[in-house]
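Coordinates in review
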Amino acid sequence: MASAIYVQCRTAKITRFNTTLLAAALVSMIHHARLDKWIIDDWLRRLDIGLWILVAILGWTDRGYTQRWFAAMMYGAIVISLCWTCIRAEQVPLWHASTHVVAVAAILSLPTE
């Protein structure tokens, strides 16, 4: 959420990317605040994933493609996919958290408009 607010303040205007990023951050906070179990497969989780896919696309098309952005988004997609299939359950939180760190770094490295 902090990186989304920072991007909004840095650009000082409303854009599709900024608005989608703020919405994705809010939905992610709500989705990840449910601590009764790790994976809850419901509409909120699907909305979270969908918004982050949209953030990835808009970061590429609206904010200027960079190899770093593409690599970060691919890392996130691969790790999230592996969390469903190959990563042991006790390791999922660590790998999932790493996608958040990489996404924040990629978001903060995007050029200003």
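The structure under discussion appears in the preceding block.
These remarks concern the structure in this document. (Residues numbered from 1 in each chain as written. Predicted model: local features only at pLDDT ≥ 70, side-chain atom pairs only at ≥ 80, totals over all residues. Heavy atoms only, no water.)

Some thoughts on the packing of aromatic side chains
We apply this condition: Pairs were defined over the aromatic rings of Phe, Tyr and Trp, the Trp ring being its six-membered one, requiring ring centres within 6.5 Å. Orientation was assigned from the angle between planes: stacked under 30 degrees, edge-to-face over 60, tilted for the rest. Secondary structure follows DSSP: runs of H or I at least 4 residues long count as helices, runs of E at least 2 residues long count as strands, and numbering of each begins at the N terminus. In this scheme, a residue with accessible area under 20% of its type's maximum is buried, one over 50% is exposed, and one in between is partly exposed, where area comes from a 1.4 Å probe on protein chains only.
Summed over the entire model, instances satisfying the criterion amount to two aromatic pairs. Ring geometry for Phe17 and Trp69: centres 6.1 Å apart, planes at 70°, overall edge-to-face. In this pair, Phe17 sits in helix 2 (residues 16-32) while Trp69 sits in helix 4 (residues 67-85), placing the two residues 52 residues apart along the sequence. Comparing Phe17 with Trp69 shows no difference in burial state: the two are buried.

Notes on the environment of Thr11
Tracing the backbone through its elements, the reader meets Thr11 in helix 1 (residues 2-11). Each C-alpha atom of the pair Thr11 and Pro111 lies 9.8 Å from the other, and the pair is 100 residues apart in sequence.

Description of the pattern of salt bridges
Should their charged atoms come close, side chains of opposite charge can pair. Test applied: One speaks of a salt bridge when a side-chain nitrogen belonging to Lys or Arg is within 4 Å of a carboxyl oxygen belonging to Asp or Glu.
Considering all chains together, one arrives at one salt bridge under this definition. As a salt-bridge pair, Arg16 and Asp62 come within 2.6 Å of each other at their nearest N and O atoms. Here Arg16 is found in helix 2, whereas its partner Asp62 is found in the loop between helix 3 (43-61) and helix 4, with 46 residues between them in sequence. Judged by its relative accessible area of 28%, Asp62 falls in the partly exposed class.

What to know about the side chain of Thr20
Heads up, the rule is: Residue contacts are defined here by distance: any two heavy atoms, one from each residue, within 4.5 Å place the two residues in contact.
Following the sequence through the fold, Thr20 ends up in helix 2. Setting aside residues up to four positions removed in sequence, Thr20 forms contacts with Leu51, Leu54, Val55 and Leu58.

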